[in-house]
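Single-letter residue listing:
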Amino acid sequence: MHGATEKKILKAELRWAALVAIIVFVIMGAIVFAAVSMHINPPSNREYIDPQTLHLSGEFTEGNLGTRTGPDGQVTTRIITTQFAFLPQCVVVPADTPVTLRFASPDVIHGILVTGTNVNTMVVPGYVSQVHTVFRRTGDLLMPCHEYCGLGHSQMLATVRVVPPDQFRPGPDGRALCG
Amino acid sequence: MASVAFDPAPAPAPARAERSTLGVGRLTLAHLWVAIAAFAVACVLGVWQMWARSPLEAPAHSAANYFRAVTFHGVSMAYVLTTFFIMGFGYFVAETALKRPLPAGRLAWAAFWLALAGVLMAALSILSGSASVLYTFYPPMTATVWFYIGLVLVVIGSWIWSGIMIAAMMGWKRAHPGEAVPLAMFGTVANAVMWLWTTLGVATELLFQVIPAALGWVDTIDVGLSRTLFSWTLHAIVYFWLFPSYIAFYTLAPRAAGGRLYSDTMGRLTFILFLLYSLPVGLHHLFMDPEHSTGFKFIQMVLTALVSVPTLLTIFTIAASLEIAGRMRGGTGLFGWIRALPWDRPMVLATGLAFVMLFFGGGGGLINMSYGMNAMVHNTSWVTAHFHLIFGGTVVIMYFAIAYAIWPTLTGRVFASARPLRLQLWLWFIGMMVMTLPWHYTGLQGQWRRVAAFDYSDPMIAAWGPWVLLSLAGGVILLVSALLFVWNLFTLHRARAPRGVATFDYAAAVHPPGRIPRALNGFAMWNVFVAILMAAAYGYPIAQFFIDPPPQAVVHRTVAG
């Protein structure tokens, strides 16, 4: 083989390498654009909660679970994921309204998604998992546990009831319940 | 030459052909048959799992059986098939590429028996129902300690293998000063070095967190830390599995196609980039986790994007190598060389099919790694589809092709016909497509992972039914292919199979490497780079658990005692 073919090969390789660089650069650009200008980021939340005591006091006590509208109008839904159920099993949220979902686990790792939305987070014991979202479609959505948490994992399924904003009527204490 | 084995009229064999002139013949066969046995059982269980999740009623269907089966499937495919295949193929490459006997042959056998004892320990733990924690463990749940000890023995066996691979290369370099290490061995040692780095994470998790918890020495466990340590291993392990396929792309496929490797340097560069960039990217498995900041997730996302580079380079180099072959065989025009390729040869066919599956699987992977977009697909069937295409597709179909290429050398017998081999590869490809394409769709619909059954009385889940049945049909095709694979290899162990001359050669490069830079002929410098990258990518994400310790989770024993 001659040096000429070696040069040709090198040239072709460099051309391809440049194309590869462009492909990677474009993908990265789209991701950075989505993250910076549209605030599409993964649900990081280094906020601690002791899995052994979360039910004793504070926001994850039984009377505070489910959806609650704060004095500032902020809608927050608090859910405990536990072997093998969600507490509560059904939550109601208003459509077209910013909603903050907060999850905590007293036992093992769980994970949730809400079908038809981009709501998705792991629930790791020791942390409060938090997702900000706006539900656009009304109706009952499925919220399953999507991480293996023991033999009863398949039964862990909750409902997110999305209602039109005018039908979302929290009680005097700010809590809204399913049904 | 790989294709000799598939010549319809094999050359007349010597009157009394030796069974195998290869020193590592029995060692390689022992490893590969363990790998294949685990693979076959895992395929049977895989089909049953899909049946259980479908609208059809499956026999013996219970949650306990399902998660037992999933654990067995995952451990067999991810740990046993892969590790044993890679070790066996590595020994084979060390002897045939370096053309000298394997150093420490007895130690290699000791590693084999150690790892096999570990496999049996883990398998019995799973079958008895004492280890239904899946192959990714999920602390704070713990299984019987024998499960973890068994897996640790497999890892120790693979560490011994890594040491032997490195020693084999160093010995060859001492005997051939200044010469380029043959590419197949360079790739094998790159994998061994990467594997030593890779297993640090899971070994630390098992030895310092999970095993003490399983033994009852501790009652609580830092789950964020254990997830982080596992993520250290979780992505690079996929490249550990992938390496033999890439070694076959570079050093077997061009020759099987009747051509030459376009660029030896590109092969070395690819293997080095895998070593560098498959490790500091594991946090992309934890994008949806709370315990890591978006900053480190972003950094590792960028590094993940870079790991697509060696694959894109490989696609170019292998396509160019095949083009050389196609044109040498008379192919003309922009695409005419594709038609001119010898698609009847299993290695060429498998390479083509592997690339198609890599296109779909890699495309899905780019979406998974996309930081924000991951929320759309995390822990849905989309991800299951992605890794079945990459691992079950690209990786395993090349394992088939490698086995078909080396079995004649190992047994001293040749395949009477390549037809059942091609049929098996086509069935695998079709089955994988039919199984995974519906999974992508149902995953986008929100179908979640790791459940023993779906409630088809729910109208939304009922709509997935036909797609689930379609993917089940794909699974059945895969099972047929898997059994045919076992049969094809088995035929070469029968006395009636035609005998053949069993030499083995690798593809030559268009420009065979003469003297090459030291950086492209060893790994000392690259290890320093890996250490720097890992310190940057994982230093703080691990240190944070000690700087500001989070509350621990209570250990949940899934078995009594």
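Residues numbered from 1 in each chain as written. Chains lettered and ligands numbered in written order. Predicted model: local features only at pLDDT ≥ 70, side-chain atom pairs only at ≥ 80, totals over all residues.

**Focus on the overall build of chain A**
When helices and strands are counted, chain A shows one helix and 11 strands. For chain A, the sequential pattern of α-helices and β-strands runs α-β-β-β-β-β-β-β-β-β-β-β. Taken over the C-alpha trace, chain A has a radius of gyration of 23 Å; the compact-globule value for 179 residues is 16 Å, which it surpasses by more than 25%. Along the three orthogonal principal directions, the C-alpha set of chain A runs to about 85 × 40 × 25 Å. Per-residue burial over chain A gives 38% buried out of 179 residues. (Helix = DSSP H or I, 4+ residues; strand = E, 2+ residues; numbered from the N terminus. Rg over C-alpha atoms; globule rule 2.2 N^0.38 Å. Buried ≥ 20, exposed ≤ 12 C-beta atoms within 10 Å, placed from the backbone.)

**Description of the overall build of chain B**
Counting secondary structure elements, chain B contains 17 helices and four strands. Here the C-alpha radius of gyration of chain B, 23 Å, is about what a compact globule of 561 residues would show, namely 24 Å. Taken along the three principal axes of its C-alpha coordinates, chain B extends 65 × 55 × 45 Å. When each of the 561 residues of chain B is scored for burial, the buried share is 58%. Across chain B, every contact between residues at least 6 apart in sequence was considered, and the portion connecting residues at least 24 apart equals 86%. (Contact = placed C-beta atoms within 7 Å.)

**Considering the interface of chain B and chain A**
Accessible area lost on assembly of the parts is the figure often given for the size of an interface. Between chain B and chain A, the contact holds 59 residues from the first and 51 residues from the second. Looking at which element gives the most residues to the side of chain B that touches chain A, the answer is helix α10 (residues 294-328) of chain B, with 11 residues. Among the residues making up the side of chain B that touches chain A, the classes are represented as 35 nonpolar, 18 polar and six charged. (Nonpolar A, V, L, I, M, F, W, Y, C, P; charged D, E, K, R; others polar.)

**Quick word on the pairing of strand β2 (residues 75-82) of chain A**
All names here are of chain A. Counting buried residues along β2, six of its eight residues qualify, which places the element largely inside the surrounding structure. In the sheet, strand β1 (residues 66-69) pairs with β2 via four bridges, with the strands oriented antiparallel. Paired with Thr-69 across the bridge in β2 is Val-75. Hairpin connection, β1 to β2: the antiparallel pair is bridged by five residues, and Gly-73 has positive phi, about 85°. Counting the residues that bridge the hairpin from β2 to strand β3 (residues 85-87) gives two residues. (Pairing = 2+ DSSP bridges.)

**Focus: the packing of helix α2 (residues 63-98) of chain B against helix α5 (residues 183-214) of chain B**
All names here are of chain B. For the pair α2 and α5, the least separation of the axes is 9 Å and the interaxial angle reads 145°. When the axes of α2 and α5 are compared, the crossing they make is left-handed. Contacts between α2 and α5 involve Ile-86, Gly-90, Val-93, Ala-94, Ala-97 and Leu-98 on the former and, on the latter, Ala-184, Met-185, Thr-188 and Asn-191. The residue makeup of the contact of α2 with α5, split by class, is seven nonpolar, three polar and no charged. (Axes fitted to C-alpha atoms, helices over the stretch in contact; angles between N-to-C directions. Left-handed = near helix turned anticlockwise from the far one by under 90°.)

**Re the nonpolar core**
Residues and elements named next belong to chain B. If you look at the biggest cluster of nonpolar residues, it comprises 234 residues, and the most contacted ones within it are Ala-35, Met-185, Ala-190, Ala-350, Ile-397, Phe-400 and Ala-401. Ranked by residue count, the leading element in this core is α2, at 21 residues. Ignoring any residue separated from it by four or fewer positions in sequence, one finds Ala-190 in contact with Phe-271, Ile-272, Phe-274, Leu-275 and Phe-523. (Core = buried A, V, L, I, M, F, W, Y, C linked by C-beta atoms within 7 Å.)

**Remarks on helix α9 (residues 264-277) of chain B**
Residues and elements named next belong to chain B. Taking 1.5 Å of rise per residue, 14 residues should cover 20 Å, and α9 covers 20 Å from first to last C-alpha, within 8% of that figure. Within α9, 12 of the 14 residues are buried, which leaves the element mostly enclosed by the surrounding structure. All of the buried residues in α9 are Asp-264, Thr-265, Met-266, Gly-267, Arg-268, Thr-270, Phe-271, Ile-272, Phe-274, Leu-275, Leu-276 and Tyr-277. (Expected span 1.5 Å × (residues − 1).)

**Quick notes on the domain arrangement of chain A**
Each domain of chain A was delimited in the assignment, giving domain 1 (1-41) and domain 2 (62-176). The distance between the C-alpha centroids of domain 1 of chain A and domain 2 of chain A comes to 41 Å. (Domains from an automatic or database assignment.)

**Side note on unusual backbone geometry**
Outside of glycine, negative phi angles account for most residues, and trans bonds account for most peptide bonds. The residue after A:Leu87, namely A:Pro88, is reached through a cis peptide bond having omega -5°. By the secondary structure assignment, A:Pro88 is in the loop between β3 and β4 (90-94). That bond from B:Pro139 to B:Pro140 is cis: its omega, 20°, falls within 30 degrees of zero. The residue B:Pro140 is located in the loop between α3 (105-127) and β1 (141-142) in this model. Its identity as a non-glycine residue notwithstanding, B:Ala60 has a phi of 60°, on the positive side. Along the chain, B:Ala60 turns up in the loop between α1 (25-53) and α2. Unusually for a residue other than glycine, B:Leu134 sits at a positive phi of about 60°. Along the polypeptide, B:Leu134 turns up in the loop between α3 and β1.

**Things to note about helix α14 (residues 381-411) of chain B**
Because an α-helix completes one turn every 3.6 residues, residues spaced three or four positions apart along the sequence face the same direction. At B:Ala405, α14(B) shows its largest kink, close to 30°, and the proline B:Pro408 lies no more than four residues downstream. Counting buried positions along α14(B) yields 29 of 31 residues, so the element is predominantly enclosed. (Bend = angle between axes of the 7 residues up to and from the residue.)

**Quick look at the environment of B:Val510**
Residue and element names in this part refer to chain B. Tracing the chain through its elements places Val-510 in the loop between α16 (459-491) and α17 (524-547). Judged by the 18 C-beta atoms lying within 10 Å of it, Val-510 falls in the partly exposed class. Residues Val-510 and Leu-261, spaced 249 residues apart in sequence, show a C-alpha to C-alpha distance of 5.8 Å.

**Focus: the packing of α2(B) against helix α7 (residues 236-251) of chain B**
Residues and elements named next belong to chain B. Two elements in contact, α2 and α7, have axes separated by 10 Å at closest approach and are oriented at 40°. Taken as axis vectors, α2 and α7 run oblique relative to one another. Crossing geometry of α2 relative to α7 is assigned as left-handed. Seen from α2, the contacting residues are Thr-82, Phe-85, Ile-86 and Phe-89; seen from α7, they are Phe-240, Trp-241 and Pro-244. Across the contact of α2 with α7, the residue classes tally to six nonpolar, one polar and no charged. (Parallel < 35°, antiparallel > 145°, perpendicular 65-115°, else oblique.)

**Remarks on the sheet that holds β4(A)**
Working definition: the strands of a sheet are paired by backbone hydrogen bonds and lie parallel or antiparallel to each other. Residue and element names in this part refer to chain A. The three strands lie next to each other as β4-β10-β9, forming an open sheet whose pairing is mixed. One side of each edge strand has no neighbouring strand; the edge strands of this open sheet are β4 and β9 (139-144). Put simply, the sheet's adjacent strands are angled 25° from each other on average, direction ignored. As judged from the six bridges shared by β9 and strand β10 (residues 157-163), these two strands associate in the antiparallel manner. Each bridged residue has a counterpart across the sheet, and for Leu-141 the counterpart in β10 is Val-160.

**Remarks on the environment of B:Thr314**
One can find B:Thr314 in helix α10. Residues contacting B:Thr314, with those up to four places away along its chain left out, are B:Tyr246, B:Phe249 and B:Thr270.

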